[in-house]
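Commentary on secondary and tertiary structure
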Amino acid sequence: MLVSLTFDVEQDCPPYLNTTLGVEKGLPRILDLLEEYRVKGTFFFTAKIARKYPSLVKRVVEEGHELGCHGYNHERLDKLSKEEAVRSIIKSMNVLREFDDIMSFRAPNLQLPSYLYSTLKENGILVDSSKARYKGYTKKISYINGVLEVPTSITSSLLRLPWRIQRPIHDYLNEPKVYFAHPWEFVSMKNVRFDCRFNTGNKALELLKRLIEYYKNQKAEFILMRDYPRIY
């Protein structure tokens, strides 16, 4: 059984907030938990957050996790012109490659126009994870213009539902099971819409722990996004 834990490292609950408490406090909590269970994950950083918190980017890389690209400042690529989107991707890659080689990409808000796959390929991206099963993407894992598309399985907010509710859902997910969450979900969110603040903070961390233990007990293999091309 193949499972991937991925995290989109961005400002708190965009576009509603511009704070970065999740990066400052939530991200270290995630890294501590993964270290405790000896599990590696993929962290899709925006370039602006990477520049602001270089020590955290270095920690991610030094602890054996994968550093991926999540755009420059979480701008929606489908809302930009093609030329603007291409420049944004290249600009973000240049920043993140100061820390490590970048092979994986996830578009902000999981919105990647099809004409940008060639741009990803031209800039050394091997794997994209901008499509979502829960949004109706039904195609098998396959290459699109030379980039392997590995869709996410479920929305991150589902991982904050009570365990007794979410647990049966995991059994029915097709492999590979690709999860994503955000560091801001692991600090207490206030003054935002309900789905962005429900069960954030300590509860979210406990639920992530339950998820890891659930798959550990099933002898699942936790893999990074950059590992998929050798499998498919």
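Residues numbered from 1 in each chain as written. Predicted model: local features only at pLDDT ≥ 70, side-chain atom pairs only at ≥ 80, totals over all residues. Heavy atoms only, no water.

1. Some details on the overall build of the chain
Our working rule: Every helix listed is a DSSP run of H or I at least four residues long, and every strand listed is a run of E at least two residues long, numbered separately from the N terminus. We compute the radius of gyration over the C-alpha atoms and compare it with the globule rule, which gives 2.2 Å times the number of residues raised to the power 0.38. Three exposure classes are used, based on accessible area relative to the maximum for each residue type with a 1.4 Å probe and protein chains only: buried under 20%, partly exposed in between, and exposed over 50%. Should any heavy atoms of two residues lie within 4.5 Å, those residues are considered in contact. Accessible surface area values rest on a Shrake-Rupley calculation with a 1.4 Å probe, where residue burial reflects the displayed protein chains alone. Neither His nor the chain ends is counted toward charge; the positive residues are Lys and Arg and the negative residues Asp and Glu. Just so you know, the charge point we use is NZ for Lys, CZ for Arg, CG for Asp and CD for Glu.
When its secondary structure is counted, the chain shows eight helices and nine strands. Against the 2.2 N^0.38 benchmark of 17 Å for 232 residues, the chain shows a C-alpha radius of gyration of 16 Å, consistent with a compact globule. When each of the 232 residues of the chain is scored for burial, the buried share is 54%. When contacts within the chain are restricted to residue pairs at least 6 apart in sequence, long-range pairs at least 24 apart make up 68% of them. When the accessible surface of the chain is split by element, carbon and sulfur atoms take 48% of a total near 10,600 Å². For the chain, the centre of its 36 positive side-chain charges and the centre of its 28 negative side-chain charges are spaced 4 Å apart.

2. Describing the nonpolar core
Heads up, the condition is: Remark: nonpolar core denotes a set of buried residues (Ala, Val, Leu, Ile, Met, Phe, Trp, Tyr, Cys) joined through side-chain atoms within 4.5 Å.
Counting residues in hydrophobic clusters, the biggest one holds 54 residues, and the most contacted among them are Leu5, Phe43, Phe45, Phe105, Tyr179 and Ile212. At eight residues, the largest contribution of residues to this core is made by helix H8 (residues 202-217). For Tyr179, the residues in contact, after removing those within four places along its chain, are Val3, Ser4, Leu5, Thr6, Ile154, Leu159, His170, Leu173, Leu211 and Tyr215. Ranked by size, the runner-up nonpolar core spans 10 residues in total, among them Leu2, Phe44, Val127 and Tyr228.

3. Description of the pairing of strand S3 (residues 66-69)
Along any regular strand, the residues point their side chains to alternate faces of the sheet. This is how it is decided: Two strands are said to pair when DSSP picks up at least two bridges between them.
Of the two faces of S3, the one carrying Glu66 and Gly68 and the one carrying Leu67 and Cys69 are both buried. Here four bridges tie strand S2 (residues 42-45) to S3, and the two strands are oriented parallel to one another. Bridge pairing in S3 links Phe44 to Gly68.

4. Some words on helix H3 (residues 54-62)
Stated formally: Directions pointing from the helix axis toward each C-beta atom define the arc.
Taken residue by residue, H3 has Leu56, Val57 and Val60 as its buried positions. Burial along H3 is one-sided: seen end-on, the buried residues are contained in an arc of 105°. The exposed residues of H3 that point more than 90 degrees off its buried face are Ser55 and Glu62. Looking at the buried side of H3, the elements it contacts are helix H1 (21-37), S2, helix H2 (47-52) and S3.

5. A few points about H1
Short version of the rule: Expected helix span is taken as 1.5 Å per residue step, with the number of steps being one fewer than the number of residues. Values of bend correspond, residue by residue, to the angle between axes fitted over the seven residues ending at that residue and the seven starting there.
Over its 17 residues, H1 runs 24 Å from end to end, which matches the ideal 24 Å to within 8%, given 1.5 Å per residue. Where H1 bends most, the angle comes to about 30°, and this point is Leu27, followed within four residues by the proline Pro28. Those residues of H1 that sit buried are Gly22, Val23, Gly26, Leu27, Pro28, Ile30, Leu31, Leu33, Leu34 and Tyr37. The positive-phi residue at the C-terminal boundary of H1 is Arg38, with phi of around 55°.

6. Observations regarding the packing of aromatic side chains
Spelled out, the test is: Two aromatic rings from Phe, Tyr or Trp, using only the six-membered ring of Trp, form a pair when their centres are within 6.5 Å; if the ring planes differ by under 30 degrees the pair is stacked, by over 60 it is edge-to-face, and anything between is tilted.
Taken as a whole and judged by the stated rule, the model has five aromatic pairs. Measuring from ring centre to ring centre gives 5.6 Å for Trp163 and Tyr214, while their planes differ by 70°; the resulting arrangement is edge-to-face. Taken together, the residues Trp163 in helix H6 (residues 163-172) and Tyr214 in helix H8 connect sequence positions 51 residues apart. With relative accessibility at 11%, the residue Trp163 sits in the buried group.

7. Some remarks on the side chain of Glu185
The condition that has to hold: Definition of a polar contact: a pair of N or O atoms within 3.5 Å, with one able to donate and the other able to accept a hydrogen when the atoms are protein atoms, and with sequence-neighbouring residues admitted only if both atoms are side-chain atoms.
Among the structural elements, Glu185 can be located in the loop between strand S8 (177-181) and helix H7 (194-197). Taking relative accessible area as the criterion, Glu185 reaches 1% and is therefore assigned buried. Polar side-chain contacts of Glu185 include one of 2.8 Å to the backbone nitrogen of His182. For Glu185, the residues in contact, after removing those within four places along its chain, are Ser156, Ser157, Arg160, Thr200, Gly201 and Ala204.

8. Looking at unusual backbone geometry
Of note, the bond from Glu175 into Pro176 is cis; its omega dihedral lies within 30 degrees of zero at -5°. Despite not being glycine, Leu110 has its phi angle at roughly 55°, a positive value. Judged by relative accessible area, Leu110 falls into the buried class, the value being 10%.

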